Amino acid sequence: MTTAGDITAQVPRRDATSRIALIDLCRGMALLAMALFHGLWDASYLGLIDIGIGVTPGWIAFQRAILTVFLLLAGASLVLAHGERIRWRPFWRRWLTVVGGAALVTLGTYLLLPNYVAYFGVLHAIALFSILALPLLRAPLPSTIAAATAALLVAFYGNPLFNSRALSWIGFFTETPPTTDLVPVFPWFGVMLLGLVAMRLARPVLTRVRAFRLEARPSRFLRLLGRWSLVFYIVHQPLIWGALYGVALLKPNDDASVQAAEFTRACTASCDGEAKFCTAYCQCALDVVTRDDLWSAIAASPRSEAEQQSLNQIAGLCTAMATN
């Protein structure tokens, strides 16, 4: 999953008034939405709830909306921090912090979910996008708009060559590799560039925008989250996972339901198709495997010829059932 954006490219602080309260507020709201999504994803993975968070179109749209907001803010913040001139020392200090955070995310997912390691998630993307966007900070605006448009449109190209982890970060894959978080260059670099363009266009009204102080208590809380976005991003998932894992340990163990839930999760993660198809296909496969008690064939490694033939028959049957 995961699903977050200018978790990182915050405006380097010169003084308290150099920040834009509205930007911090929006970032804080997006962080809470991200934490909600991650909490529901963790609860679903641990078998505490079943809401189809990885395959249902509504949840997928929610996840992408959060990511879109974060990357728009990332582009806007890059202009605020370095629009007049690139402040190299703060830039590289912040960049190294983001890279360190990305490494922690990769390590954490490798230890907890080795089959779904986040090898190019949002922090990895922001680190790369921030460097790629630097030449466009002061380029002619039409050039930046053209680059953003091209990055968005080229994402429609697909080639199985890019399905491997080694190349999937570029974004031209036809099958999504198993991972908890993947933010490929195309189209998401284009989204960040749209934020950059929007902030460049908004420069004439920035003085008025800065006047919004947003001092109400809820606003102050959200602004605080927005200012410490990277810290929040790094710590929130281990805290949520730890709490929900403790709840899962206390839950009565129903081996059959746990087995079925794990099968469904693995099936939907590897399914190549629309959400509706994958849901129908995996439900069909689960029903047949349960009915014919083929769990030993599912777990076998390597499988016998008869076991593999049985599973191939299920795949053909359920593909036909899900397509109709």
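Predicted model, so just to flag it, every value in this text is computed and none were measured.

Turning our attention to the state of the cysteines. Applying the stated criterion across every chain, the model contains three disulfides. Between the sulfur atoms of Cys267 and its disulfide mate Cys282 the distance is 2.1 Å. Between Cys267 and Cys282, the disulfide has an S-S torsion of -85° and is therefore left-handed. Of this pair, Cys267 sits in helix α11 (residues 255–270) while Cys282 sits in helix α12 (residues 275–292); the two residues are 15 residues apart in sequence, bridging distant segments of the chain. Taken individually, Cys267 and Cys282 each receive the classification buried, so the pair is uniform in this respect.

Take helix α4 (residues 122–133) next. Residues spaced three or four apart along an α-helix point in a common direction, a consequence of the helix completing one turn every 3.6 residues. Relative to the 16 Å expected for 12 residues at 1.5 Å per residue, α4 spans 16 Å between its end C-alpha atoms, a close match to the ideal helical length. Three or more residues of α4 are buried, namely Val122, Leu123, His124, Ala125, Ile126, Ala127, Phe129, Ser130 and Ala133. Against the buried residues of α4 lie α2 (57–82), α3 (88–112), α7 (185–202) and α10 (229–250).

Right, let's talk about α3 for a bit. Over its 25 residues, α3 runs 36 Å from end to end, which matches the ideal 36 Å to within 8%, given 1.5 Å per residue. Those residues of α3 not exposed but buried are Pro90, Phe91, Val98, Gly101, Ala102, Val105 and Thr109. Tucked into the core, α3 has its buried residues touching α2, α4 and α10.

If you walk through the whole model with that rule in mind, you get 16 aromatic pairs. With a centroid separation of 6.2 Å and 20° between ring planes, the pair formed by Trp88 and Trp92 is classed as stacked. Taken together, the residues Trp88 and Trp92, both in helix α3 and four residues apart, mark about one turn of the helix. Residue classification places Trp88 among the partly exposed residues on the basis of a relative accessible area of 44%.

Attention shifts here to the environment of Leu294. Within the fold, Leu294 resides in the loop between α12 and α13 (295–299). Sequence-wise, Leu294 and Val205 are 89 residues apart; in three dimensions their C-alpha atoms are separated by 65 Å. Residues within four places of Leu294 in sequence aside, it is in contact with Val289 and Ile314.

Before going further, it helps to spend a moment on a nonpolar patch on the surface. A grouping of Leu224, Trp228, Val231, Val235 and Leu239 is seen on the molecular surface, where their side chains present a nonpolar patch of about 510 Å² in accessible area. Among the elements that make up the nonpolar patch, the one with the highest residue count is α10 (three residues). Assignment of secondary structure puts Val235 in helix α10.

Let us look at the pattern of salt bridges. Counting across every chain of the model gives three salt bridges. The residue Arg27 makes a salt bridge to Asp24 at a minimum N-O spacing of 3.0 Å. With a gap of three residues between them, Arg27 and Asp24 both fall in helix α1 (residues 21–45), about one helical turn apart. Here the two residues Arg27 and Asp24 agree in accessibility, since each one is buried.

Calculation criteria
- Residues numbered from 1 in each chain as written.
- Predicted model: local features only at pLDDT ≥ 70, side-chain atom pairs only at ≥ 80, totals over all residues.
- Heavy atoms only, no water.
- Disulfide = S-S within 2.5 Å.
- Helix = DSSP H or I, 4+ residues; strand = E, 2+ residues; numbered from the N terminus.
- Buried < 20%, exposed > 50% of the residue type's maximum accessible area, 1.4 Å probe, protein only.
- Expected span 1.5 Å × (residues − 1).
- Contact = heavy atoms within 4.5 Å.
- Phe/Tyr/Trp six-rings, centres within 6.5 Å; stacked < 30°, edge-to-face > 60°.
- Patch = residues over 30% accessible without salt bridge, like charges linked within 9 Å, V, L, I, M, F, W, Y side chains within 5 Å.
- Areas by Shrake-Rupley, 256 points an atom, 1.4 Å probe, with all protein chains shown as cover.
- Salt bridge = Lys/Arg side-chain N within 4 Å of Asp/Glu carboxyl O.

Limitation: the analysis is restricted to geometry and does not speak to function.
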